[in-house]
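# Inside the fold
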Amino acid sequence: MKFVMGDPHIPLVYPNETKYSLKYGQWLKEFEWTYIMTLRKHIPLTEVACQKLAMSLLDYSDEVQTIWMALEQDRGDKMNHLHLIIESGTLRFKRKEMIEALGIKRHPKTLSYLSQVASSNSVAMYCAKHMGDRLIYHDFYSQKNIK
């Protein structure tokens, strides 16, 4: 498996990659993603909950320009987790600020992973890897579309 320097947690090659996930990942890498995060709850996430998280993040600041999310089923159980990649321009987040922006102050451990993006290419391909497979739900949000 290949890895990108600076993003050792995100492989570039996926064994179950489909033509669809590859094309979708190629489209996603056209954006200048600044953060990648994973959210996990003690109960399965729903589409409505995912939408609320995205809207909370867009409402937090106009600098949060674009969000793409992928809700994936975990392997081996009925739980799931949510990957989010965001384009936030010059806005920088620390964990505490991201928790506030997502509106999850009562359950801060829901944000299980947060990192600045070293390579838009690698995070785009990583988040699209299960398109047509274990992906339960995905969506794209933009400040342009909510104004």
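Now for a description of the structure that goes with this document. (Residues numbered from 1 in each chain as written. Predicted model: local features only at pLDDT ≥ 70, side-chain atom pairs only at ≥ 80, totals over all residues. Heavy atoms only, no water.)

### Details of the layout of surface pockets
Approximately 200 Å³ is the volume found for the second largest pocket. Along the walls of the second largest pocket sit 13 residues, with Lys41, Ala49, Leu53, Gly103 and Ile104 positioned nearest its centre. Among the elements that take part in the lining of the second largest pocket, helix 2 (residues 47–60) stands out by supplying 5 residues, more than any other. Its residues assigned to classes, the lining of the second largest pocket comprises 6 nonpolar, 4 polar and 3 charged. (1 Å grid on protein atoms, 1.4 Å probe; cavity = no way out; pocket = protein on both sides within 12 Å on 5 of 7 lines; lining within 4 Å. Points joined across faces, edges and corners; volume = space filled by probe spheres on them. Helix = DSSP H or I, 4+ residues; strand = E, 2+ residues; numbered from the N terminus. Nonpolar A, V, L, I, M, F, W, Y, C, P; charged D, E, K, R; others polar.)

### Quick look at helix 2
A rise of 1.5 Å per residue sets the reference length of helix 2, with its 14 residues, at 20 Å; its end C-alpha atoms lie 20 Å apart and thus fit the reference within 8%. Taken residue by residue, helix 2 has Cys50, Leu53, Ala54, Leu57 and Leu58 as its buried positions. Buried residues of helix 2 fall within an arc of 130° about the axis and therefore sit on the same side. Along helix 2, exposed side chains directed more than 90 degrees from the buried face belong to Lys52 and Asp59. (Expected span 1.5 Å × (residues − 1). Buried < 20%, exposed > 50% of the residue type's maximum accessible area, 1.4 Å probe, protein only. Arc of directions from axis to C-beta.)

### With respect to the packing of aromatic side chains
What the rule picks out here adds up to 8 aromatic pairs. Between tyrosine 24 and tryptophan 68 the ring centres are 5.5 Å apart and the planes differ by 45°, which places this aromatic pair in the tilted class. On the criterion of sequence distance, the pair formed by tyrosine 24 in helix 1 (residues 19–28) and tryptophan 68 in strand 4 (residues 66–73) is long-range, its members being 44 residues apart. The exposure classification of tyrosine 24 matches that of tryptophan 68, with both residues buried. Here tyrosine 60 and phenylalanine 93 contribute two aromatic rings whose centre-to-centre distance is 5.9 Å and whose plane-to-plane angle is 35°, an arrangement assigned as tilted. Residue tyrosine 60 is found in helix 2, and its partner phenylalanine 93 is found in the loop between strand 5 (80–87) and helix 3 (95–102); the two are separated by 33 residues along the sequence. Accessibility expressed as a relative area gives 34% for tyrosine 60, which makes it partly exposed. The class of phenylalanine 93 is buried, set by a relative accessible area of 8%. The structure contains a cluster of three or more aromatic residues connected by ring pairs, namely Tyr24, Trp27, Phe31, Trp33, Trp68 and Phe140. (Phe/Tyr/Trp six-rings, centres within 6.5 Å; stacked < 30°, edge-to-face > 60°.)

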